[in-house]
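# Coordinate inspection notes
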Amino acid sequence: MKTISSKVVKKFVTKPPSLLSSTASLTSIASFNVSNKAFPSSLLDDFTKFCYQRDLPRAMQALELMHTHCIRADCITYSELIKCCLARRAIQHGKRIHVHLFSNGHVPKTFLINILINMYVKFGLLHDAQDVFDKMPDRNVVSWTTMISAYSAAKLNDKALEFLVLMLREGVRPNMFTYSSVLRACDGLFNLRQLHCCIIKIGLDSDVFVRSALIDVYSRWGELENALRVFDEMVTGDLVVWSSIIAGFAQNSDGDEALRLFKRMKRAGFLAQQTTLTSVLRACTGLALLELGRQVHVHVLKYDQDLILNNALLDMYCKCGSLEDANAVFVRMVEKDVISWSTMIAGLAQNGYSKEALKLFESMKVLGIKPNYVTIVGVLFACSHAGLVEEGLYYFHSMKELFGIDPGREHYGCMIDLLGRAGRLSEAVDLINEMECEPDAVTWRALLNACRVHRNVDVAIHAAKQILRLDPQDAGTYVLLSNIYANTQRWNDVAEVRRAMTNRGIKKEPGCSWIEVSKQIHAFILGDRSHPQIREINIQLNQLIYKLMGVGYVPDTNFVLQDLEGEQMQDSLRYHSEKLAIVFGLMSLPRGQTIRIRKNLRICGDCHLFTKLLAKMEQRIIVIRDPVRYHHFQDGLCSCGDFW
DNA sequence: ATAGGGTTAG
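Rules used throughout
Residues numbered from 1 in each chain as written. Chains lettered and ligands numbered in written order. Predicted model: local features only at pLDDT ≥ 70, side-chain atom pairs only at ≥ 80, totals over all residues. Heavy atoms only, no water. Helix = DSSP H or I, 4+ residues; strand = E, 2+ residues; numbered from the N terminus. Buried < 20%, exposed > 50% of the residue type's maximum accessible area, 1.4 Å probe, protein only. Contact = heavy atoms within 4.5 Å. Areas by Shrake-Rupley, 256 points an atom, 1.4 Å probe, with all protein chains shown as cover. Salt bridge = Lys/Arg side-chain N within 4 Å of Asp/Glu carboxyl O. Near = heavy atom within 4 Å. Polar contact = N/O pair within 3.5 Å; in protein donor to acceptor, adjacent residues only side chain to side chain. Nonpolar A, V, L, I, M, F, W, Y, C, P; charged D, E, K, R; others polar. Phe/Tyr/Trp six-rings, centres within 6.5 Å; stacked < 30°, edge-to-face > 60°. Lys NZ or Arg CZ within 6 Å of the ring centre and 35° of its normal. Pairing = 2+ DSSP bridges. Axes fitted to C-alpha atoms, helices over the stretch in contact; angles between N-to-C directions. Core = buried A, V, L, I, M, F, W, Y, C linked by side-chain atoms within 4.5 Å. Domains from an automatic or database assignment. pLDDT = per-residue confidence, 0-100. Expected span 1.5 Å × (residues − 1). UniProt positions renumbered as here; feature names shortened; annotations may be inferred.

So, about the overall build of chain A. For chain A, the helix and strand inventory stands at 33 helices and six strands. C-alpha extents for chain A along the principal axes are approximately 110 × 55 × 50 Å. Split into buried and exposed, the 644 residues of chain A put 52% on the buried side. Considering only residue pairs separated by 6 or more positions, chain A has 63% of its internal contacts joining residues 24 or more positions apart. Only carbon and sulfur atoms are counted for the fraction: they give 54% of the accessible area of chain A, which is about 30700 Å².

Attention now goes to the pattern of salt bridges. Close approach of charged atoms allows side chains of opposite charge to pair. Applying the stated criterion across every chain yields a total of 28 salt bridges. Of the charged contacts in the structure, one is a salt bridge between Glu-80 and Lys-83, with a shortest N-O distance of 3.1 Å. Taken together, the positions of Glu-80 and Lys-83, both in helix H5 (residues 75-88) and three residues apart, correspond to about one turn of that helix. The partner of Arg-264 in a salt bridge is Asp-232, with the nearest N and O atoms 3.3 Å apart. Residue Arg-264 is located in helix H16 (residues 255-267), and its partner Asp-232 is located in helix H14 (residues 224-232); the two are separated by 32 residues in the primary sequence. When salt bridges that share partners are traced, they join Arg-54, Glu-80 and Lys-83 into one network.

Moving on: the protein's contact with DNA strand B. Surveying the vicinity of DNA strand B reveals 58 residues, the closest of which are Asn-114, Ser-243, Arg-282, Asn-311 and Lys-319. Among the atoms of DNA strand B lying within 4 Å of the protein, the sugar-phosphate backbone contributes 41%. In the model, a base nitrogen of DNA strand B is placed 2.7 Å from a nitrogen or oxygen of the Asp-238 side chain. Contacts to DNA strand B include Asp-306, whose side-chain N or O atom sits 2.8 Å from a base nitrogen. A total of seven residues in the surface near DNA strand B trace back to one element, the largest contributor, which is helix H15 (residues 239-251). Classifying every residue of the surface near DNA strand B by side-chain character gives 21 nonpolar, 25 polar and 12 charged.

Our focus in this paragraph is the packing of aromatic side chains. Under the criterion given, the structure shown has 14 aromatic pairs. On the numbers, 5.7 Å between centres and 40° between planes, the contact of Phe-133 with Phe-163 is tilted. Of the two residues, Phe-133 is situated in helix H8 (residues 126-135) and Phe-163 in helix H10 (residues 157-169); the sequence distance between them amounts to 30 residues. Comparing Phe-133 with Phe-163, the two get one shared label, buried. An aromatic cluster of at least three residues, connected via ring pairs, comprises Phe-133, Trp-144, Tyr-151 and Phe-163. Across the ring face of Phe-330, the terminal group of Lys-336 is positioned such that the distance to the ring centre comes to 4.9 Å. Of note, Arg-598 hangs over the ring of Trp-514, and the distance from its end group to the ring centre comes to 4.0 Å.

The six strands lie next to each other as S2-S1-S3-S4-S5-S6, forming an open sheet whose pairing is mixed. One side of each edge strand has no neighbouring strand; the edge strands of this open sheet are strand S2 (520-525) and strand S6 (637-638). Pairing analysis gives four bridges linking strand S4 (residues 622-625) to strand S5 (residues 630-634), with the strands arranged antiparallel. Bridge pairing in S5 links Ile-622 to Phe-633. In this fold helix H33 (residues 605-617) packs onto S4, S5 and S6, with an angle of close to 35° to the strand it touches most, S5.

In this structure, Phe-47, Leu-81, Ile-117, Leu-183, Met-344 and Leu-447 are the most contacted members of the largest nonpolar core, which totals 168 residues. Per-domain counts for this core show at least three residues from each of domain 1 (1-106) and domain 2 (416-503). Ignoring sequence-local partners within four residues, the contact set of Phe-47 consists of Ala-59, Ala-62, Leu-63, Met-66, Ala-73, Thr-77, Tyr-78 and Leu-81. Counting residues in each nonpolar core, the second largest holds 32 residues, with Leu-544, Ile-603, Ile-624 and Trp-644 among its members.

For chain A, per-residue confidence averages 89 on the pLDDT scale, and residues scoring 70 or more make up 91% of the total. Within chain A, helix H19 (residues 307-319) carries the highest mean pLDDT (98), whereas helix H1 (residues 6-14) carries the lowest (34). Segment residues 1-37 is flagged for pLDDT under 50; beyond a separation of four residues in sequence, or across chains, it makes 47 contacts in the model. Within the model, pLDDT remains below 50 along residues 560-571, and this stretch shows 46 contacts once partners closer than five positions in the same chain are excluded.

Pairing of strand S1 (residues 512-517) with S2, which is carried by six bridges, proceeds in the antiparallel orientation. Across the sheet, Cys-512 pairs through a bridge with Ile-525, a residue of S2. Counted between consecutive antiparallel strands, the loop separating S1 from S2 contains two residues, among which Ser-518 sits at a positive phi close to 35°.

What follows covers the environment of Asp-138. Mapped onto the elements of the fold, Asp-138 is located in the loop between H8 and helix H9 (141-153). A C-alpha to C-alpha distance of 10.0 Å links Asp-138 and Phe-111, two positions 27 residues apart in sequence. Ignoring sequence-local partners within four residues, the contact set of Asp-138 consists of Thr-110 and Ser-143.

Note on backbone geometry: most residues besides glycine have negative phi, and most peptide bonds are trans. Of note in the backbone geometry, Cys-70 takes a positive phi value of approximately 55° without being a glycine. Position of Cys-70 relative to the elements: it lies in the loop between helix H4 (56-68) and H5. The backbone of Gln-619 shows a phi angle near 55°, a positive value even though the residue is not glycine. Among the residues examined, Gln-619 registers a relative accessible area of 55% and is labelled exposed.

Here we come to helix H28 (residues 457-470). In a regular helix each residue adds 1.5 Å, so 14 residues correspond to 20 Å; H28 covers 20 Å between its end C-alpha atoms and thus fits that length. Buried within H28 are the following residues: Val-459, Ala-460, Ile-461, Ala-463, Ala-464, Gln-466, Ile-467 and Leu-468. On its buried face, H28 sits against helix H26 (425-433), helix H27 (441-454) and helix H29 (475-487). Capping the start of H28 is the job of one residue whose side-chain oxygen sits 3.3 Å from the backbone nitrogen of Asp-458: Asn-456.

This part is about the UniProt feature "repeat: PPR" (unreviewed entry) in chain A. Under the UniProt annotation, "repeat: PPR" (unreviewed entry) lies at residues 140-174, 207-237, 238-272, 306-336 and 337-371. With 74% helix and 0% strand, residues 306-336 has its two end C-alpha atoms placed 10 Å apart. As annotated, residues 337-371 has a helix share of 74% and a strand share of 0%, and its two end C-alpha atoms lie 10 Å apart.

Structure below.
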């Protein structure tokens, strides 16, 4: 009974199986203005018309009448109606259609059942979808793929993978739709490699959807080489494939490669849109490339309604140390979500504006925006940064009650910082002991940092050992530990640390600083003299050191427990990369312009003092971003308050 | 009829 023949209609018109009340039909008939004679065929015509006009209420009325009279329309019309339900999120109507389609033991075409399954999936009613799926007689590749896609989207990865296996077992061949869906559910490299093999075997690896999914999953598992391999084998490519690979590198903190790929993409003639720009901004953020970020900002203006993109822009300005720009973006944003607020709060705090950060948090609460886990991290960081111990303790102890958020590692990390800065080291130790979650290397580093500031050797050794247990590749901590031992004449221990380093093949990472001058990035590496102006820079540096010594600068050579980065050869102290970068900035940037440096390692005490005094003497604002802290030097002071 | 890329954290 797919299309109606006049015979069938006649039969039902005379004797309708009354599934619905007769009043409903009468009203409906009246509202359709249908004459009795023309009723059945014109009912179907009306139904079809209403479906294509997307007039859902009338189409549903017509449907109920058809149901009463056991009339069925064709599949395409029903699919239009279902689309209409989806667009309006009319779940109840969708369910009525379902009943109608299967009434009187009828089984619709596979095509139509698939659409129905998809409808339930889109409504988030996975059980109903599964139910329809289980009962259908002929499941084709679309039926299976719809279910797999639904489970992937719902993060029920096991289910998605299980369905792929079941599908293969039933002899249904997966297509590119199936693979691009199931790849999202890949929760291990083993699965991923197996799937990739299948994909190659059946020749689906040229499909752009499959390709971008592969790139995405490989980068999610940190296998950028493989992601790049999939990308470079590209014969067919589109913007999404480009965006996937750029996002892969941007998210794995390889901004350089992300930006290189972005340039390649533009050369290949692709125009970046929101998604790509978001990743490009993230790359700029990671590399602290303010000037490039500003250039990208120009392209962002075209999409000023895009929340995610604006959040990325906001973060870029915060992390590049330009709070003026960040604030301007924040104020002008048409829509803000909890991420926008969290970004701004953390950004203010990191750059030394803790009071403003806490004020912003208050206005956020007033506006009724619910803080999340990350927001509270920012708030605690702000407290820590401003030395607001009591406020910090208050938020920490009441976050569960006030915002329903359980304190996690990051919150403990902030609190250890906070207590450490305030000199309450033993409380910090207590805190780490009472953590519910296992402290990780970063948590122990917070404690080690507090020990460094307060010169507590015993706790420092303990913390360093914990860090190395959790992160055996952390060169800086080996060096620091070895220095602590050397300073306390524990030569056997020194030798043992050195041995461990050699055995594990740990090399000290050389200190490196970057500065952007007229769209060029200049890198200064400790001990590297390849910069074309290095001679001049060194001469200038020596003169500056001499001048600074006249105003009280004493090169600080007591940097055991101070130098976190292992750049501690005394001779090279004066040539630490940030000093070179700063001097180059002084030489190249016009007066009044802020000097912005990014470092790969933490700044040492000597460079910190040097920069403070230099900022005053030269009347410059100098911003140095190290891997964890931001230092705004101005007028002999630093925004970090000498705690870092 | 079924599919792919983006934002906040110590």
